[in-house]
Amino acid sequence: MDRNVTIHIDGVAYHAPDQKNLVEAIRDLGLEIPTLCYYPHIQPPLGTCRVCMLEVNGRPVCGCESRVMEGMQIQLHTPELDDHRKAMVELTFAEGNHFCPACEKSGDCDLQGLGYRMGINHSRFPHLFVDRLLDFRGRRLVIEPNRCVLCQRCVHEIRTSDDRPVFSISGRGDHTRLQIDEALESTIPDALALRAMQICPTGAILYRGKSLSRTPGDRQYDVPAEVVSSVDIVRLLKEARPDRKWRVATTSLAGCFGCHMSLLDIDTDLLEVIELIDLDRSPLTDIKHISGRCDLGLIEGGCGTDENVHVLREFREQCDVLVAVGECAIWGGLPAMRNMVPLDECLREAYVRAGDPEPQQIPSDEDLPAMLDRVYACSEVVPVDYYIPGCPPGAPMMWQFIASILTGASTSLIGKVFKYD
Ligand code: SF4
Ligand code: SF4
Ligand code: FES
């Protein structure tokens, strides 16, 4: 029988089985510790993601690689540790190319779930957009290396009957990437190939034709969005500034206008809100230039052309508060999927190879905006004050957030109120 010992977590004494895995022990005590690579079935633990860092007796350690010992003094939640863990997850997002609305694992992805739980609505780190092409060589399995977090679960678990690994890791630094041995992949049973997709904590391994096993609403990290009454929004705006209207500008850069459509989606309440807000430059007013100082600027879309950069800088100069709205403004989104392919190749593919009906010339005119080498998130071009995630963000959440920014009322974007997909 396990012998219990006494440990202290954040100053509180607990009893836990001696030598038990520390992550398991902490969870058994009803406390929360984030993990990404940890998979109880794999022993010893992989210890590759560092998301489970905590302090034991004043020293930083990896929770999943530690065991319970008598007298341990554990710091689980301090501002520094929480921020460190959040930074590790943000780095993971910035290192790959994660556009959740287009991902087969969305809703069932551990990385996305961590993002929701930690309230991550952008990454503080520059996006790398390393050139990693999809690998379609497997008979059943497709590898999307831009979503791989290099946890190595698949390397350890997916092996042939004579114990040869189907997956391996190669390269160094930015160029480290997952490899699949397509000859071995063709020899493993279907159930094991399917298991590869299931144990991957992200959408990096896909089984052809079997990726969408669960529908939205039934997925692991589906959380019903909290509905915010727009009456509160109207009241907030009215009470905070009864004598004059708020001035708001909006624009769509490399986006699809979906966020603007969502902005309109508060039905007849829009009529009340519009009495309290003057829209300056906006696709909704068709005003082409900001006419003066604005309280708030809402940006949809990232920067794919020099014109996008010009408009974004103008918004930054003229708006007291600048908000990136939606995935494309925050991460680059769907347009940033071109970042993995050189620009001239993209243009050749679009106009020459796939020209309709005949190959076309690549447009070139001094009046056309110049394409940038890649699509940039707004925060890579100018400082952004706030981020509203979603594709598109829901209208009630967007208006709750806009009203809170304008009036200074506090609001929360944790878990229940925002979605990446
Ligand atoms: S759902 Fe897909 S795109 Fe989103 S974080 Fe997970 S792996 Fe990345
Ligand atoms: S493919 Fe998935 S399981 Fe394999 S190393 Fe990458 S993230 Fe981990
Ligand atoms: S969960 Fe511990 S290192 Fe990844």
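Cut-offs and rules
- Residues numbered from 1 in each chain as written.
- Chains lettered and ligands numbered in written order.
- Predicted model: local features only at pLDDT ≥ 70, side-chain atom pairs only at ≥ 80, totals over all residues.
- Heavy atoms only, no water.
- Phe/Tyr/Trp six-rings, centres within 6.5 Å; stacked < 30°, edge-to-face > 60°.
- Helix = DSSP H or I, 4+ residues; strand = E, 2+ residues; numbered from the N terminus.
- Buried < 20%, exposed > 50% of the residue type's maximum accessible area, 1.4 Å probe, protein only.
- Pairing = 2+ DSSP bridges.
- Near = heavy atom within 4 Å.
- Nonpolar A, V, L, I, M, F, W, Y, C, P; charged D, E, K, R; others polar.
- Contact = heavy atoms within 4.5 Å.
- Axes fitted to C-alpha atoms, helices over the stretch in contact; angles between N-to-C directions.
- Salt bridge = Lys/Arg side-chain N within 4 Å of Asp/Glu carboxyl O.
- Domains from an automatic or database assignment.

To continue, consider the packing of aromatic side chains. Taken as a whole, this structure holds two aromatic pairs when the rule is applied. Between the aromatic rings of Tyr386 and Phe401, the centroid separation amounts to 5.9 Å while the plane-to-plane angle is 90 degrees, which identifies the pairing as edge-to-face. Of this pair, Tyr386 sits in strand E16 (residues 386–388) while Phe401 sits in helix H13 (residues 395–407), placing them 15 residues apart in sequence. A relative accessible area of 39% places Tyr386 in the partly exposed class. Phe401 gets classed as buried once you look at its relative accessible area, which sits at 8%.

With that out of the way, let us pick up the pairing of strand E7 (residues 167–170). Sheet topology note: the E7/strand E8 (residues 177–180) ladder contains four bridges and is antiparallel. Residue Phe167 lies in a different strand from E8, and its bridge partner there is Ile180. Adjacent in sequence and paired antiparallel, E7 and E8 are bridged by six residues, among which Gly171 carries a positive phi angle near 85 degrees.

Turning our eyes to something else, we now look at the site of ligand 1. Every residue near ligand 1 is listed here: Phe93, His98, Phe99, Cys100, Cys103, Ser106, Cys109, Leu111, Gln112, Arg147, Thr202 and Gly203. The residue makeup of the shell around ligand 1, split by class, is six nonpolar, five polar and one charged.

Looking now at the side chain of Glu90. With respect to the helices, strands and loops of the structure, Glu90 is situated in helix H2 (residues 79–95). Residue Glu90 is classed as buried on the basis of its relative accessible area of 3%. Aside from chain neighbours lying at most four places away, what touches Glu90 is Ile120, His122, Ser123, Arg124 and Phe125.

Pairing is mixed in the open sheet, where five strands are placed in the order E2-E1-E5-E3-E4. The open sheet is flanked by strand E2 (12–17) and strand E4 (59–62), the only strands paired with a single partner. In this sheet, neighbouring strand axes are inclined to one another by 40 degrees on average, regardless of whether the strands run parallel or antiparallel. Bridge analysis of strand E1 (residues 4–9) against strand E5 (residues 73–75) gives two bridges, and the strand direction is parallel. The residue bridging His8 from the neighbouring strand is Gln73, located in E5.

A word on the pattern of salt bridges. Any two side chains of opposite charge can pair if their charged atoms end up close together. Applying the stated rule across the entire model yields 30 salt bridges. Measuring nitrogen to oxygen at the nearest pair gives 3.3 Å for the salt bridge that ties Arg50 to Glu65. Residue Arg50 is located in the loop between helix H1 (22–28) and strand E3 (53–56), and its partner Glu65 is located in the loop between E4 and E5; the two are separated by 15 residues in the primary sequence. One network of salt bridges, with partners in common, ties together Lys245, Arg247, Asp278 and Asp280.

Our focus in this paragraph is helix H6 (residues 190–199). Every buried residue of H6 is accounted for by Leu192, Ala193, Ala196, Met197 and Ile199. Next to the buried residues of H6 lie strand E6 (141–143), helix H4 (153–157), E7 and strand E9 (205–207).

In terms of domain boundaries, the protein breaks down into domain 1 (4–77), domain 2 (91–207) and domain 3 (230–417). The C-alpha centroid of domain 3 is placed 42 Å from the C-alpha centroid of domain 1.

Inspection of the region around ligand 2 gives 13 residues, with Cys148, Cys151, Gln152, Cys154 and Cys200 positioned closest. Taken together, the residues of the shell around ligand 2 sort by class into ten nonpolar, two polar and one charged.

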